[in-house]
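A structural walkthrough
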Amino acid sequence: MRRRILRSMLTVLTLTTVVLGVPLTYTAWLWVEDITRTDLRGRLESISREILDQEHGDGIVLGELDTRSVRPLVPKDGRLTIVYPAPLGSSAQESIGATEVADPLVESLSMGTSVSLRLEVPSAPMHAMQRQAVAVVGLAVLASLGAAVSVAMVTARRVADPLRDVAARAARLAMGDFRPDPRRHGISELDRVSDVLDSATVEIAGRLQREHALVADVSHQLRSRLTAVRLRLDELSAHTDPAVVHEAEEAMAQVDRLTEAIDELVRASRDEDAADRDPVPVMAELRGVVAEWMHPFNEAGRALTLTGDESLTAPITGSRLREAVAVLVDNALMHGGGTCTVSVRTVVPGGGRVPVVCVEVADEGVGVRDELAPHIFDRGFSAGGSTGVGLALARALVEADGGRLELQRRRPASFAVFLGSSPRPQNSWPAEPR
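Residues numbered from 1 in each chain as written. Predicted model: local features only at pLDDT ≥ 70, side-chain atom pairs only at ≥ 80, totals over all residues. Heavy atoms only, no water.

Details of the overall build of the chain
- Helices and strands together make up the secondary structure of the chain, namely seven helices and 11 strands.
- Counting all 434 residues of the chain, 34% fall into the buried class.
- Of the contacts formed within the chain by residues at least 6 apart in sequence, a portion of 62% connects residues at least 24 apart. (Helix = DSSP H or I, 4+ residues; strand = E, 2+ residues; numbered from the N terminus. Buried < 20%, exposed > 50% of the residue type's maximum accessible area, 1.4 Å probe, protein only. Contact = heavy atoms within 4.5 Å.)

As for the pattern of salt bridges
- Evaluation of the coordinates by the stated rule reveals 18 salt bridges.
- Measuring nitrogen to oxygen at the nearest pair gives 2.8 Å for the salt bridge that ties Glu371 to Arg369.
- A cluster of three or more residues bridged by salt bridges with shared partners is formed by Glu33, Arg37, Arg41 and Glu107. (Salt bridge = Lys/Arg side-chain N within 4 Å of Asp/Glu carboxyl O.)

Concerning helix H7 (residues 390–400)
- Turning to H7, its buried residues number three or more, namely Leu391, Ala392, Ala394, Arg395, Leu397 and Val398.
- Downstream of H7 by one or two residues, Gly402 has phi in the positive range, about 80 degrees.

Brief notes about the sheet that holds strand E9 (residues 356–362)
- Spatial ordering of the open sheet is given by E6-E8-E9-E11-E10, a layout of five strands whose pairing is mixed. The strands lining the two open edges of the sheet, one partner per strand, are strand E6 (304–308) and strand E10 (404–409). Adjacent strand axes in the sheet meet at a mean angle of 20 degrees, parallel and antiparallel pairs treated alike.
- Alignment of E6 against strand E8 (residues 340–347), held across five bridges, turns out to be parallel. Considered in E8, the bridge of Thr305 is made with Thr341. (Pairing = 2+ DSSP bridges. Axes fitted to C-alpha atoms, helices over the stretch in contact; angles between N-to-C directions.)

Here we look at the confidence of the model for the chain
- Averaged over every residue, the pLDDT of the chain is 80; the share at 70 or more is 86%.
- The weakest mean pLDDT in the chain belongs to helix H4 (residues 242–269) at 76; the strongest belongs to E6 at 95.
- Scored below 50 in pLDDT, residues 422–434 makes 32 contacts in the model with residues more than four places away or belonging to other chains. (pLDDT = per-residue confidence, 0-100.)

Considerations on the environment of Glu260
- On the secondary structure map, Glu260 appears in helix H4.
- Along the chain, Glu260 and Ser319 lie 59 residues apart, while their C-alpha atoms are 8.8 Å from each other.

Remarks on the nonpolar core
- Counting 42 residues, the largest nonpolar core has Val282, Val325, Val342, Val359, Phe415 and Leu419 as the members making the most contacts within it.
- Of all the elements in the fold, those that place two or more residues in this core are helix H5 (282–299), helix H6 (318–335), E8, E9, H7, E10 and strand E11 (414–419).
- It is H6 that provides the largest number of residues to this core, a total of nine residues.
- Residue contacts for Val325: discarding those within four places in its chain leaves Leu286, Val289, Val342, Val359 and Val361.
- One finds Leu117, Leu119, Met126 and Ala133 within the second-largest nonpolar core, a separate group that totals 23 residues. (Core = buried A, V, L, I, M, F, W, Y, C linked by side-chain atoms within 4.5 Å.)

As for the pairing of strand E4 (residues 116–122)
- As paired strands, strand E1 (residues 79–85) and E4 are joined by five bridges and run antiparallel to one another. Opposite Thr81, over in E4, you have Arg118 as the bridge partner.
- Here seven bridges tie strand E3 (residues 104–110) to E4, and the two strands are oriented antiparallel to one another. Considered in E4, the bridge of Ser108 is made with Arg118.

With respect to the side chain of Ser343
- Inspection of the secondary structure puts Ser343 in strand E8.
- The class for Ser343 is buried, based on a relative accessible area of 15%.
- Residues within four places of Ser343 in sequence aside, it is in contact with Thr307, Cys358, Val359 and Glu360.

Side note on H6
- Helix length check: H6, at 18 residues, gives a terminal C-alpha distance of 26 Å against a target of 26 Å (1.5 Å per residue), a fit within 8%.
- When H6 is considered as a whole, its buried residues turn out to be Gly318, Ser319, Arg320, Leu321, Ala324, Val325, Ala326, Val327, Leu328, Val329, Ala332 and Leu333. (Expected span 1.5 Å × (residues − 1).)

Details of the environment of Thr346
- Mapping Thr346 onto the fold places it in strand E8.
- Setting aside residues no more than four positions away along its own chain, Thr346 makes contact with Leu312, Val356 and Val357.

Digging into the packing of H5 against H6
- Between H5 and H6, whose axes approach to 10 Å, the crossing angle comes to 30 degrees. In the packing of H5 onto H6, the handedness of the crossing is right-handed. The residues of H6 that touch H5, namely those facing Val282, Glu285, Leu286, Val289, Trp293, Pro296 and Phe297, are Gly318, Leu321, Arg322, Val325, Ala326, Val329, Asp330 and Leu333.
- Looking at the contact of H5 with H6 residue by residue, the classes come out as 11 nonpolar, one polar and three charged. (Left-handed = near helix turned anticlockwise from the far one by under 90°. Nonpolar A, V, L, I, M, F, W, Y, C, P; charged D, E, K, R; others polar.)

Listed below in C-alpha cells is the structure:
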C-alpha cells in the first residue's frame, strides 16, 4: 500500500517537475540574454547622445568625432562600429575597441540620416551567465522535488500505516483474537472503521460465548438422555428372547458411538487449529461410517462400498470427517440410486503442486438438476422436503479442518471432500466430466 501511494505521488511530482521545470529553465535562459541585450541597447543610447552633442550644422563627418567621451561606454573586449554617410550613397565607418570579436553578440542603433551604430561583444560571458541561471533553476527544482518527495513519504506512511494496522486488526479478529485495541490514527474514516471493529469484537465475542454455552448445555442434555436410553437398553439385554437381546446390544452400540461422536465434536469445537493436528488414517475413520450405513442400504436393495488406499492420512478431526461423510452417504441413500461408492484417493488441486487426499461419495442415480446445483450447499435449501441443513453442515465441518467440499459431478451425483488443504473459491478444484 505504501509503495503504491508513494509511487503514484512520485509520478505526479515528476510530471509536475518536468512540466514546470523545462519552461522555467528556458525562461531563465532567455531572461539572461534579454538582460545582456538590454545593457547593450542602453550603452548604444548613451553613445548616441554623446555623438549628437558633437554634431554641427553639417552633421557628423568622418575624422571629426572626438571618441574620448565614447570609448568608456564600449564594454571590455567589445567593438563599436560607427557608420558615417558619404557622397553618392556610399558609407564609411570607424571602429573603437577590439579589432575582432569572436562569436559576437550584436546590437545596432540607427541615428536617422546621420550616423548608425553597431555594438559587438563576446557572447561567452552571456552563455556562462545563462548556464549559471539554469544551474540555479535546476537546483531550485531539485530542492523542491526533494522536499516534495519527503512530504510524499510522510504522507504515504501517514496513510498506509493506519490501513495496515486496521487490516492486521481485522485479521486478528478473524483468527479469534477479541482483545480491544484503543489505538486511533487521527483519520476520521479509519477511526470509524476501528470503532466498527470494536463493536463487532464485542458482538462476536458475546455470540461465541453464548454459542459455546449452548453447545455445552445441549451436549450435557444429550449425554444425560443417552445415558437414560442406555440404561433402558441394558435392562432389555437381560430379556429371555435372543432377538431382543441382539437388538438391544446393537442399539447400545449405536448409543455409545453417538455419545463418543458428541464428545469429539465438543472437543473439536474448542480446538480450531487444524495445522497442529496429527494425521489420522482416512480409511480407518470411514470404515465405521460405511459399516453403520450398510444395513439401511441393504434394506433399500442397494450396495454401499468403500475403496481406497489404506495408507492415506490427513491432518483432520476424525469426528468431523465421519459426520460429513455420513451426511453425504445419507444424501445418496435418500436422493440417489444404484451403488453408492465411497472412494479415497490423492488428487492435485487445480493450480497446485502438492497432492491432497480426496474422499469421493458417488452413486448411480439421476443426479442433481442444473437449477439446484448452485444452491445445493445453501443452509435451508432443499428440493426433496428435507430440512436443507445436512449438506451445509457437512461443508462447514470439512472447512473447519481446512478442507473443501464440492459437488464434483452433477449426473450421476458425485461429491468430493478435499482434506488437508486450504479452502479455495468454488469451482477452483478440477472437476470430472459431467
